[in-house]
Amino acid sequence: MLEWAIKHHQSSLREGHVEVDQWKGHSIGVNRCRMKMGLILTGVGDKVMRLWSAESYKCLGEYAIPHAVSLIDYDFDESKIVGLIGTRISIWRRGGQRSIFPSREGTFPKGLCLRYLDPEAVVGCEDGTVRVFDMYSRKCSRIIRMHSAPVTCLSLSGEQLIFSSSSLGSITISGVKALCFNPCSSLVFAGCASGYASCWDLRKMGLLWERRVSPNVLYSLGHMQNDSSTLVVGGIDGVLRVLDQSTGELVSSYVMDQLVSSASSSSSLGGIEKRKGRRLSEDARIDIIPRAARPPITCLAVGMKKVVATHNGKQIRLWKFH
């Protein structure tokens, strides 16, 4: 059953038609989103994180950020949200209670990114270290020197592997903006400021492919859990691109098209707009496509036949593939 569902997901992203639902989710622009278990969590930029149903778009919870600090990054599971605020880690329970790690154990040099995989939260810091915190003792269990430059993005695996990249990059890759790891295939993917996407095979400890898939910065990339075929990338040019994980070849690319309908809804701060998505031809000129149809994609997350994206604006967009 799972294998059939994954194949259907892959074919939908490669060959299906797409609809885009968008709604006003915040009063101030946000640039982060996460999607798991049929839930979408949005934030960073606003003073509140919001949890949404990926099916009804109903807001299921609001989680306030302390006024004296800014939310930098976050992750979540079925019972809690783990956030990086200033130089501290904070936990919001789904019931609404919030707690902050003790100052003696929970502070660190300026944190730039966070990933959480129970029972540990991992923070990438400005001083080039990665700090690992035990979520139950609320103590820093490890400090790992990863880079000589700030750690700007992280990815974790269930085998306690930590992947990171810095603002300076390395000899093989530079200007890394996004990073993700696929445990099904042992492949690590990166998106760069130059528009290149790269892939390393951990089994061979070498570069598998590197392709320039966009003329501009790639801000975010991801794949559905258990999918070893398709990789979705997005960046400053606002085009949603689907790549083949094995080769890096461009499979399909999309932008928003005309408005189909607009309806008021109590589930969001505004109404739900339904738009069609347009598949682009291989020789399409991106520069002549209106910017309104392709706002910069600052973050994306991939679920079953759907992709959620934020654009450093008030709108949240959910791409649905059929």
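Throughout this description, residue numbers start from 1 for each chain and increase along the sequence as written. The predicted origin of the model limits local features to residues at a pLDDT of at least 70 and limits the giving and counting of side-chain atom pairs to 80 or more, whereas totals for whole chains, interfaces and linings rest on all residues. For the side-chain quantities, the full set of heavy atoms in the structure was used; hydrogens and water were omitted.

Under an unreviewed UniProt entry, the name given to the protein chain is F-box/WD-40 repeat-containing protein At3g52030-like isoform X2, and the organism recorded is Rhodamnia argentea.

A. Representation of the nonpolar core within the structure. Buried residues of nine kinds, namely Ala, Val, Leu, Ile, Met, Phe, Trp, Tyr and Cys, make up a nonpolar core once their side-chain atoms join them within 4.5 Å. Accessible area is worked out with a 1.4 Å probe on protein chains only. A residue is then buried under 20% of its type maximum, exposed over 50%, and partly exposed in between. One finds Val232, Leu240, Leu300, Val307, Trp319 and Phe321 to be the most contacted residues of the largest nonpolar core, which totals 17 residues. Elements with a contribution of two residues or more to this core: helix H1 (2-15), strand E1 (18-24), strand E22 (240-244), strand E23 (250-263), strand E25 (299-303), strand E26 (306-310) and strand E27 (315-321). A contact between two residues is defined here by any heavy atoms of the two lying within 4.5 Å. Sequence-distant contacts of tryptophan 319, that is, excluding residues within four places in its chain, are made with Val18, Glu19, Val20, Leu240, Tyr254, Val255, Met256, Lys305, Lys306, Val307 and Ala309. Per the convention used, a helix needs a DSSP run of H or I reaching at least four residues, while a strand needs a run of E reaching at least two, with both numbered from the N terminus.

B. Molecular detail of the pattern of salt bridges. One side-chain nitrogen of Lys or Arg within 4 Å of one carboxyl oxygen of Asp or Glu is enough to make a salt bridge. Scanning the model with the defined rule gives 20 salt bridges in all. Aspartate 75 serves as the salt-bridge partner of lysine 36, at 2.8 Å between the closest nitrogen and oxygen. One end of the pair, lysine 36, is in strand E2 (residues 32-36); the other, aspartate 75, is in strand E6 (residues 71-76), with 39 residues separating them in the sequence. Residue glutamate 273 is joined to arginine 275 by a salt bridge in which the shortest nitrogen-to-oxygen separation is 3.4 Å. Residue glutamate 273 is classed as partly exposed on the basis of its relative accessible area of 23%. Here the salt bridges do not stand alone but share partners, grouping Arg32, Arg34, Asp73 and Arg115 into one network.

C. Spatial organisation of H1. For H1, which comprises 14 residues, the first-to-last C-alpha distance of 20 Å matches the rise-based estimate of 20 Å (1.5 Å per residue) to within 8%. Within the span of H1, buried status applies to Ala5, Ile6, His9, Gln10, Ser12 and Leu13. Taken end-on, H1 shows its buried residues confined to a sector of 160°, consistent with a single buried face. Exposed and facing more than 90 degrees away from the buried side of H1 are Glu3, Trp4, Lys7 and Glu15. Expected helix span is taken as 1.5 Å per residue step, with the number of steps being one fewer than the number of residues. The directions considered for the arc are those from the helix axis to the C-beta atoms.

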